[in-house]
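Architecture at a glance
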Amino acid sequence: MKHIRSISILFALTLCMYALPSSAQEKGPGSNVKEKMKNGKEDPWADYQEEKDSVSRWTCGINFGGYFANKYSANFYNGTPENINSVEFVMSNIYWYREIKLALDAADTVVVLGYPTNMHYQVAITAGVYLRFNFNRKNGIFLQANYAQLKAEDVVTMQVDPTDYLTLPDIRQIPVAGREDRAMLDIGFQRSFLTKSKIYFFVNGGIIMCYSHVRKSVMVVEGQEYNLINVYGSNGYIPNSNSQVFNTSQYAIGYGLAIGGGVGLPLSDIFALEPGVTMQYYPVNLQGYPAYKPCFSVYLRILLGFSRGKVT
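All of the points below concern the structure found in this document. (Residues numbered from 1 in each chain as written. Predicted model: local features only at pLDDT ≥ 70, side-chain atom pairs only at ≥ 80, totals over all residues. Heavy atoms only, no water.)

All right, on to empty space enclosed by the protein then. Here the structure, examined in full by the defined rule, presents three cavities of 30 Å³ or more. If you go around the largest cavity, the residues you meet are N63, Y67, T126, Q144, N146, M184, D186, T278, Q280, S297, Y299 and R301. For the lining of the largest cavity, the secondary structure elements donating two or more residues are β1 (54–68), β4 (139–160), β5 (170–194), β9 (271–283) and β10 (292–310). Here the lining of the largest cavity gets three residues from one element, more than from any other, and that element is β10. Along the lines of polarity and charge, the residues of the lining of the largest cavity split into three nonpolar, seven polar and two charged. Size it by volume and the second largest cavity reaches roughly 70 Å³. Among the residues forming the lining of the second largest cavity, the class breakdown is four nonpolar, six polar and two charged. (1 Å grid on protein atoms, 1.4 Å probe; cavity = no way out; pocket = protein on both sides within 12 Å on 5 of 7 lines; lining within 4 Å. Points joined across faces, edges and corners; volume = space filled by probe spheres on them. Helix = DSSP H or I, 4+ residues; strand = E, 2+ residues; numbered from the N terminus. Nonpolar A, V, L, I, M, F, W, Y, C, P; charged D, E, K, R; others polar.)

Below, the structure written as structure tokens:
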């Protein structure tokens, strides 16, 4: 009985020895913080620990801003004979030529003197959607798509009824214009640089694909638009003849690189703003304009974070 009683006492002491560290661990500050976090209690240390140990794995948002397209491909719309869409195509059609002479009050002829060689696009509004997967608070990969409508306008110089004698020439400036849609798809990597405050800075880079679609290429004579795109094929335009019109689509795809950066402004645990700037380097690839040229965009991105997870 004495041996049994001694063994029982020793067993009880052993349990107490194991129970004391366990109890101390439960009462430690780290466990209390976790317990408070599980119970949803408000505690500054709990908020800090949660922010430190978790991140929004997925972030989605919308972009909007300004797009500065390179002027190189804007000359696609200047109407020169070298371009696929040329003023010569309109002026060589006898029916259109007669209409133009009448509109310009020409008694004899109308002659093209010069073409614009420095056309440029107007600053366009761009908008799009954005999706990012965050590996942690500093690194993530993203996919975004943006859209912009571009406008390019200038004038072709024409002379009405040129004469051999010394008189002031009758010079007219005839507008030429182009309208173009661009859809840009980017996939890349973003690196964030954290600060002591919640604000962070970031840089990103990736591959871009640009799809360009020509919506309009016209010459405007006294308010009348003349389409520089040949939609009549080899038959040409003949008035009042039900000329067959072909569905002529002019588009191009270019691939290149994009790099940029900006600043992140968290508004809450799930909402943030990211103003930034991007430089894109790619060829538009419209016919006759294959060179790589830089374009720029400035934007404001509105982000929503969800699916929070532990930082690894």
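Another aspect to go through is the pattern of salt bridges. For the structure shown, the criterion picks out seven salt bridges. Put simply, D181 and R215 hold a salt bridge, and the shortest N to O gap is 3.9 Å. One end of the pair, D181, is in strand β5; the other, R215, is in strand β6 (residues 200–221), with 34 residues separating them in the sequence. One salt bridge connects K216 with E225, and the closest N-O pair in it is separated by 3.5 Å. Given a relative accessible area of 31%, K216 falls into the partly exposed group. For E225, a relative accessible area of 41% corresponds to the partly exposed category. Taken together, the shared-partner salt bridges connect R132, E274 and R301 into one network. (Salt bridge = Lys/Arg side-chain N within 4 Å of Asp/Glu carboxyl O. Buried < 20%, exposed > 50% of the residue type's maximum accessible area, 1.4 Å probe, protein only.)

The subject of this paragraph is the nonpolar core. In this structure, Y67 and M219 are the most contacted members of the largest nonpolar core, which totals 43 residues. Mapped by element, the contributors of at least two residues to this core are α4 (87–91), α5 (94–103), β4, β5, β6 and β8 (251–266). With six residues, β4 is the single largest residue contributor to this core. (Core = buried A, V, L, I, M, F, W, Y, C linked by side-chain atoms within 4.5 Å.)

Scanning the entire structure with this criterion turns up 13 aromatic pairs. Taking the centre distance of 5.4 Å and the plane angle of 70° together, the rings of Y72 and Y289 count as edge-to-face. Remark: Y289 occurs in the loop between β9 and β10 and Y72 occurs in the loop between β1 and α4; sequence separation between them is 217 residues. Of the residues examined, Y289 reaches a relative accessible area of 11% and is grouped as buried. Summarising the aromatic geometry, the rings of F89 and W96 are spaced 5.7 Å apart at their centres and angled 70° between planes, so their arrangement reads as edge-to-face. Its relative accessible area of 8% is what places W96 among the buried residues. Members of the aromatic cluster, joined through ring pairs, are F89, W96, Y226, Y232 and Y237. Cation over ring: R182 sits above Y121, and NZ or CZ is 5.2 Å from the ring centre. In this structure, K293 is placed above the aromatic ring of Y72, and the distance from its NZ or CZ to the ring centre is 5.2 Å. (Phe/Tyr/Trp six-rings, centres within 6.5 Å; stacked < 30°, edge-to-face > 60°. Lys NZ or Arg CZ within 6 Å of the ring centre and 35° of its normal.)

With that out of the way, let us pick up unusual backbone geometry. We note that D161 has phi near 50°; this positive angle belongs to a residue other than glycine. Within the chain, E222 stands out as a residue other than glycine whose phi angle is a positive 50°. Structurally, E222 can be placed in the loop between β6 and β7 (224–227). On the accessibility criterion, E222 (59% relative accessible area) is exposed.

Pairing analysis gives 22 bridges linking β4 to β5, with the strands arranged antiparallel. Bridging from a neighbouring strand, K151 pairs with R179 of β5. In the sheet, β5 pairs with β6 via 19 bridges, with the strands oriented antiparallel. Its bridge partner lying in β6, R179 is registered against K216. (Pairing = 2+ DSSP bridges.)

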